[in-house]
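Listed below are the residues making up each chain.
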Amino acid sequence: MSNFTWKRAVIKVGSALIAPDGLQVSAKYLLPIARFITESRAAGKEVILVSSGSVAAGRGRVMVNHTASIAEKQAMAAIGQTQMMANWQRFFDCPCAQVLLTADDLRNRTRYVNIKNTLRELLTHQALPIVNENDTVAVAELKVGDNDNLGAYTALVAQADTLIICSDIDGLFTADPRKDPTATLIPKVDTITPDIYALAGGAGTAMGTGGMRTKIEAADKCTQSGIQTLIVNGRNGNVFDRLLKGNNPGTLFSAQRSSQKARALWLTHTLKSKGSIHVDDGATKAIVNRGASLLPSGITDVKGRFCAGDAVEIKNGSQTIAKGLVLYDAKDLHKIKGQKSHQIATLLGFAGSEVVIHRDDLVLLDNPHL
Ligand code: GLU
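Along each chain, residue indices are assigned from 1 in the same order as the chain's sequence is written. Totals for whole chains, interfaces and linings use every residue, but because this is a predicted model, local features are given only for residues with pLDDT of at least 70 and side-chain atom pairs only at 80 or more, for both listing and counting. Side-chain numbers here rest on the full set of heavy atoms in the structure, without hydrogens or water.

To continue, consider the pattern of salt bridges. Salt bridge, as applied in this entry: a Lys or Arg side-chain nitrogen positioned within 4 Å of an Asp or Glu carboxyl oxygen. Taken as a whole and judged by the stated rule, the model has 17 salt bridges. Of the charged contacts, one joins Lys179 and Asp176 as a salt bridge, the two residues approaching to 3.7 Å between their closest N and O atoms. Overall, the relative accessible area of 24% leaves Asp176 in the partly exposed class. For Arg213, the salt bridge goes to Glu217, with nearest N and O atoms at 3.3 Å. Within this pair, Arg213 and its partner Glu217 are both found in helix H9 (residues 212–224), separated by four residues, close to a single helical turn. Relative accessible area decides the class of each residue, using a 1.4 Å probe on protein chains only: under 20% of the type maximum gives buried, over 50% gives exposed, and in between gives partly exposed. On the accessibility criterion, Glu217 (24% relative accessible area) is partly exposed. One salt-bridge network, in which partners are shared between bridges, spans Asp329, Lys331, Asp332 and Lys335. Helix numbering and strand numbering both begin at the N terminus, where a helix is a DSSP run of H or I of at least 4 residues and a strand a DSSP run of E of at least 2.

A strand pair is defined by DSSP finding two or more bridges across the two strands. The strand order S3-S4-S2-S1-S5-S7-S8-S6 describes an open sheet built from eight strands, whose pairing is mixed. In this open sheet, the two strands that pair with only one neighbour each are strand S3 (96–101) and strand S6 (188–189). Here S6 pairs with strand S8 (residues 251–253) via two bridges, running parallel. Note on S8: the bridge partner recorded for Val189 is Phe253.

Grouped together as the largest cluster of nonpolar side chains are 41 residues, with contacts concentrated most on Ile216 and Phe253. Every element with two or more residues in this core is listed here: strand S2 (46–51), S3, helix H5 (103–107), helix H6 (109–124), helix H7 (147–157), strand S5 (162–167), helix H8 (194–199) and H9. A contact between two residues is defined here by any heavy atoms of the two lying within 4.5 Å. Sequence-distant contacts of Ile216, that is, excluding residues within four places in its chain, are made with Leu172, Ile192, Ile196, Tyr197, Ala200 and Phe253. Counting 31 residues, the second-largest nonpolar core is a separate cluster that includes Val47, Trp88, Phe92 and Leu230. For this analysis, a nonpolar core means a set of buried residues of the types Ala, Val, Leu, Ile, Met, Phe, Trp, Tyr and Cys, connected via side-chain atoms within 4.5 Å.

Of note in the backbone geometry, Gln126 takes a positive phi value of approximately 60 degrees without being a glycine. Examined against the element boundaries, Gln126 turns out to sit in the loop between H6 and strand S4 (128–133). The phi dihedral of Gln159 falls on the positive side, at around 50 degrees, and the residue is not glycine. You can see Gln159 is positioned in the loop between H7 and S5.

Per-residue confidence from the prediction method is given by pLDDT, with values spanning 0 to 100. Of all residues in the protein, 93% attain a pLDDT of 70 or more, and the chain-wide mean is 89. Across the protein, element-level confidence peaks in S2 with a mean pLDDT of 98 and bottoms out in helix H11 (residues 262–270) with 70. Segment residues 203–208: pLDDT under 50, and 13 contacts once partners within four positions in sequence are set aside and those in other chains are kept.

Written out as structure tokens, the structure reads:
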């Protein structure tokens with residue numbers, strides 16, 4: 001029985017499939033994946049690939065007998081990235097388009113819009129976008145860090161309906177199948193609870209950075225945004241025949257009802273807060289109950305060194321009530337906090353916006369940990 005349909009998918013392929021020996025790219029596991037992509041496209045579906053493997057693919061050329069330094073890994077990535085792209089291209093007649101991103105790009109509003117527009121344009125022109133982290137420029141705090149989460153962000157920015165994570169394991173099991181012979185595959189997860197996270201265990205393979213945990217994180221981000229997520233075993237060619245028939249060969253995480261708008265999702269999941277704005281009870285009520293924008297008059301304190309355009313948290317005491325894109329630098333907010341909007345021009349010497357965070361750029365947080 002068919003139980004898996006989709007229109008636009010992000011397919012994430014991990015390093016263990018691209019470079020199974022951990023030293024160079026290989027075609028070994030890619031043919032069934034490529035055929036699946038080609039047949040899906042021929043059936044009118046849209047595909048974006050998120051491919052790992054640049055570091056693993058370049059490792060054979062930057063041999064070191066110690067734990068590789070950041071620069072050495074970046075050199076591996078620079079060498080391996082072109083190998084990885086070329087390895088994919090040989091399976092397709094359509095052009096493979098290289099898209100390199102960092103978390104920093106996804107946090108920036110202008111760059112985010114550009115990424116979205118470029119992906120849309122590539123799909124319109126029948127190209128196959130192949131996304132990876134821009135490993136050669138990104139260091140820890142600028143990175144997503146693992147391609148499972150990068151796959152989720154890509155699905156969000158591309159407004160895909162499905163994320164397919166091709167792993168080297170069949171899906172999520174009731175226990176670690178490497179240690180527990182009684183472990184069984186869980187075909188469907190309707191809600192991602194702490195118990196599901198608990199099943200995920202720890203780190204991933206020697207080649208990739210992700211383990212089951214990052215896959216659940218990716219599924220969590222996506223399903224909350226109305227994007228179903230499927231973990232399958234990319235080493236098993238049959239999996240892709242089953243997918244083409246509309247069957248679920250792995251673990252399917254059902255999409256939750258998407259109640260938040262795309263903008264709210266980006267704000268909630270992608271953007272890192274650069275600081276916080278503390279507000280009084282009046283402003284809290286206006287924001288939470290009346291759907292109002294944040295005005296300077298309700299601000300009691302400003303924390304952090306953020307700039308206009310950054311994401312900040314809105315707090316009342318210790319509770320984070322909302323997150324939004326601020327229209328003023330922190331240093332200017334210190335001057336206008338608690339004041340009426342009409343005084344902004346006099347206090348700052350320029351006429352800025354009457355509101356500090358516009359309602360359209362603000363998302364209420366039910367979950368204080370987000
Ligand atoms: N971006 C890394 C690479 O291409 C992989 C990260 C991951 O495996 O999650 O080598």
